[in-house]
Amino acid sequence: MPPAALRRRLLATGRRQRNRTLWFWVFVGPFAAGLALFTYVPLGWSVVLSFFDAHNTVTPRDFTGLGNYRRILSDPEFRSSLTTFAVFSAIIVPATFALSLALALAVNRLRWAQAFFRSVFFLPTACSYVVAALVWKMSIFNGVRFGLANTVLGWFGAEPVAWLATTHPPWYWLVIGTVRLWLQTGFYMILFLAGLQRIPVGLYEAAALDGARPGWQTFRYITFPALRATSVAVALLLVINAFQAFDEFFNLLSDARGYPPYARPPLVYLYYTALGQGQDLGLGSAGAVVLALVIAVVTVVQARWSGLGRREE
Amino acid sequence: MPITRRRLLAAGGGLALAGATAAACGSNTGRAGGGSGGGLSHWYHQYGEAGTEQAVRRYAAAYKKTRVSVQWRPGNYDQQTAAALLSGSGPDVFEVNGPTLDQILGGQVVDLTDLLKDVKDDFQQAVLAPKTHGGRIWGIPQTVDTQLLYYRRSLLDKAGVRPPRSLDELVDAARRLTDRRTKGLFLGNDGGAGVLGATPLYAAGLSPVTADGTVGFDDPAAARTLAKIRRLYEDKSLLLGAPADWSDPSAFVQGLTAMQWSGLWALPQITKALGDDVGVLPFPADGPAGKPAVPVGAYAAAVSARSGRKEEAKEYVRWLWVEQTGFQQDFALSYGLHLPARTSLARKADRLRQGPAAEASRFAAEHGHADPLLWTVASKVAYQDALSRIIKDGADPEGQLKAVVRTTEAELARVRKRS
């Protein structure tokens, strides 16, 4: 190729490269700027604020060093909120996992109306947590004799139960657990369905030829191991979602005067500390940093334990 | 002209830019007139009574010196105002269930002392005291809200129970009035932890914080009284899990409970449904040093220190909540029922001269108590949590109160340092 043509070609390639870079920033730039402005700057500001006494102000004034961290970690209410999360997580993660997998297996086997049942189980995902929590609180699990659950109990001669106010036994967990199960199971069912549909049919045929019985044996040795990647992702998402629980707790248990000391997850605790009338933004920021670290550690440990991202052998 | 991909993207980008510009120009910042020579912005929380919103808009429209735009804000109003006060985009004037001591110490509200220069003594002193710090007044009480024990006369007569005059009698009456269809008493869906607050302490002759700024409930009498509230729960005399909470009289009107703790604002709805079959009482006294207790409180009009129009805002507050006595009377008495903040107006009010309203008015004057300013949010939350554990979990009242005493002492030391 003559040198002039080569130079023209190189110039054209350089121009195309520059154009590509320009268009990359045109499309990505606004979102990156938004992310930086509305997520990373407040995050950084929150970390700074956590080292200051900041009552009713977001302007750091009195430096307290690790004072807010000492206060938050020695506060029994904050520690109890982490326990609440642990209890909630222990209930909701396995329950959602098992139920969504069972639904996916059931729907996957259907020979007719599969799309209908898939939609029926998925539809609650579209409902707002706030609305669902209010339906559960006002209609199904209210504590008077004409609430739906109490009406059913009444048919068997049982006394009405104050579902959300009874701590011994802690019936409020039933209300909190069922509303979240109803809301999120459909979503995870879809993930499992996608996983199930990726398992080659030939695998089952080969297993059948080798004498594997359909049912539990096939599920135990073929289906479940083949769903490993989906299962790990679902478990991880469930734990992170459990940590972020706020809406249903707040709407089921709070009233105009506050929130009971039981079943107070970390985000509700931080909401009242930093954004409630207390407006202790330094302490709230320290709590947010601690919570973020806890989530990060749990996620990393869980990911390593379950082998997330490890190359399939 | 053919539409190429590049042309389409350019057109889309142009439209988006134009849209963003238009949105930025016309966005609702919460301030009247978009901050360019507009009037004052005045925030109210959403009242339950019909007609209140129209009334406050009418008052604002009647102010001729400057345009006042009213924002009627449903939802968590206290959180909304607390967040708005941190930025310059909040209201000029706002009503507040306070202001809190931290809002005052944080310089978030404007000193309004001079607005009440000549009429301070005409305001109910029990509700003016928590608006006062360092001898300065930080909020102008709008109306006085009070809470009472409502009871159904016919149900008490049928059960042979007399209206309770002591806490022991209340516990006994609630138990005897409870049957399969009706509970004896409704103190809110949390069993009373939230709404009662410090009222049982006052009933025991104590207070959350004393006048000289020390803890007022480090006393065995406090634990004894709170144990009796637990008794109500243990006896299954309390209505729990009602569709509407204590502030709404639905449970009482529908016959789910024979007695209910609620606000005076509910009286018109109750008398409309039950006629004369209703009586009111203060929270009954407990123990030898005890006395009947009636909580009183007031939403106040405050001026944001971030307002760019502080003097105009103060002038408007003076006009509405000090000078316009007709509007104040209308606001207190025409929608639901509240006590006018000015004693001279309360004395003139026909609606407060007979029946349960007259009794409520008398109880508020004789036994009224308001939460002291030094009873900070952190102390209140710690106490409320303790009360909830005592009532529902049967936790030891003495141990629970000791922890609250420690929190309150730490809070008092903190605010003393800031003052």
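Residues numbered from 1 in each chain as written. Chains lettered and ligands numbered in written order. Predicted model: local features only at pLDDT ≥ 70, side-chain atom pairs only at ≥ 80, totals over all residues. Heavy atoms only, no water.

Some remarks on the overall build of chain A
Within chain A, the regular secondary structure consists of 13 helices and 2 strands. Against the 2.2 N^0.38 benchmark of 20 Å for 313 residues, chain A shows a C-alpha radius of gyration of 26 Å, more extended than a compact globule. Dimensions of chain A, computed from the C-alpha atoms along their principal axes, are close to 95 × 75 × 35 Å. Here chain A holds 313 residues, and 42% of them are scored as buried. For chain A, contacts bridging at least 24 residues in sequence account for 66% of all contacts bridging at least 6. Surface accessibility of chain A: about 17,700 Å² in total, with carbon and sulfur atoms responsible for 69%. The distance from the centre of the 26 positive side-chain charges to the centre of the 13 negative ones in chain A is 17 Å. (Helix = DSSP H or I, 4+ residues; strand = E, 2+ residues; numbered from the N terminus. Rg over C-alpha atoms; globule rule 2.2 N^0.38 Å. Buried < 20%, exposed > 50% of the residue type's maximum accessible area, 1.4 Å probe, protein only. Contact = heavy atoms within 4.5 Å. Areas by Shrake-Rupley, 256 points an atom, 1.4 Å probe, with all protein chains shown as cover. Lys, Arg positive; Asp, Glu negative; His and termini not counted. Charge placed at Lys NZ, Arg CZ, Asp CG, Glu CD.)

Quick word on the interface of chain A and chain B
By a frequent convention, interface size equals the accessible area lost on bringing the separate parts together. Contacts between the two partners involve 37 residues from chain A, matched on the other side by 38 residues from chain B. Joining chain A to chain B, the criterion identifies 3 salt bridges. Of the charged contacts in the structure, one is a salt bridge between Arg180 of chain B and Glu159 of chain A, with a shortest N-O distance of 3.1 Å. At the boundary of chain A with chain B, the tally comes to 12 residue pairs in polar contact (both at pLDDT 80 or more). The leading source of residues in the side of chain A that touches chain B is helix α12 (residues 266-275) of chain A, at 3 residues. For the side of chain A that touches chain B, a count of residues per class yields 17 nonpolar, 14 polar and 6 charged. (Salt bridge = Lys/Arg side-chain N within 4 Å of Asp/Glu carboxyl O. Polar contact = N/O pair within 3.5 Å; in protein donor to acceptor, adjacent residues only side chain to side chain. Nonpolar A, V, L, I, M, F, W, Y, C, P; charged D, E, K, R; others polar.)

Focus on unusual backbone geometry
A cis geometry characterises the amide bond from His168 of chain A onward to Pro169 of chain A, with omega recorded as -5°. Structurally, Pro169 of chain A is set in the loop between α6 (148-155) and α7 (172-197). That bond from Gly98 of chain B to Pro99 of chain B is cis: its omega, 5°, falls within 30 degrees of zero. Relative to the helices and strands, Pro99 of chain B is located in the loop between β3 (93-96) and α4 (101-105). Residues other than glycine seldom take positive phi values, yet Ala113 of chain A does so here, at roughly 55°. Within the secondary structure, Ala113 of chain A sits in the loop between α3 (76-109) and α4 (114-122). Here Ala113 of chain A falls in the partly exposed class, since its relative accessible area comes to 30%.

Regarding the sheet that holds strand β12 (residues 300-303) of chain B
Residues and elements named next belong to chain B. If you trace the 5 strands from one edge of the open sheet to the other, you get β2-β1-β3-β12-β6, paired in mixed fashion. Of all strands in the sheet, those with a lone pairing partner are β2 (68-73) and β6 (140-141), marking the two edges. As defined by bridge partners, β3 adjoins β12 across 4 bridges and the pair is classed as antiparallel. Looking at the pairing, Phe94 lines up with Ala302 of β12. (Pairing = 2+ DSSP bridges.)

As for the packing of helix α8 (residues 201-209) of chain A against helix α9 (residues 216-226) of chain A
Residues and elements named next belong to chain A. At a minimum axis distance of 11 Å, the contact between α8 and α9 shows a crossing angle of 140°. Taken as axis vectors, α8 and α9 run oblique relative to one another. Note on packing geometry: the crossing formed by α8 with α9 is right-handed. Residues Leu203, Tyr204 and Ala207 of α8 pack against Thr218, Ile222 and Thr223 of α9. Among the residues making up the contact of α8 with α9, the classes are represented as 4 nonpolar, 2 polar and no charged. (Axes fitted to C-alpha atoms, helices over the stretch in contact; angles between N-to-C directions. Parallel < 35°, antiparallel > 145°, perpendicular 65-115°, else oblique. Left-handed = near helix turned anticlockwise from the far one by under 90°.)

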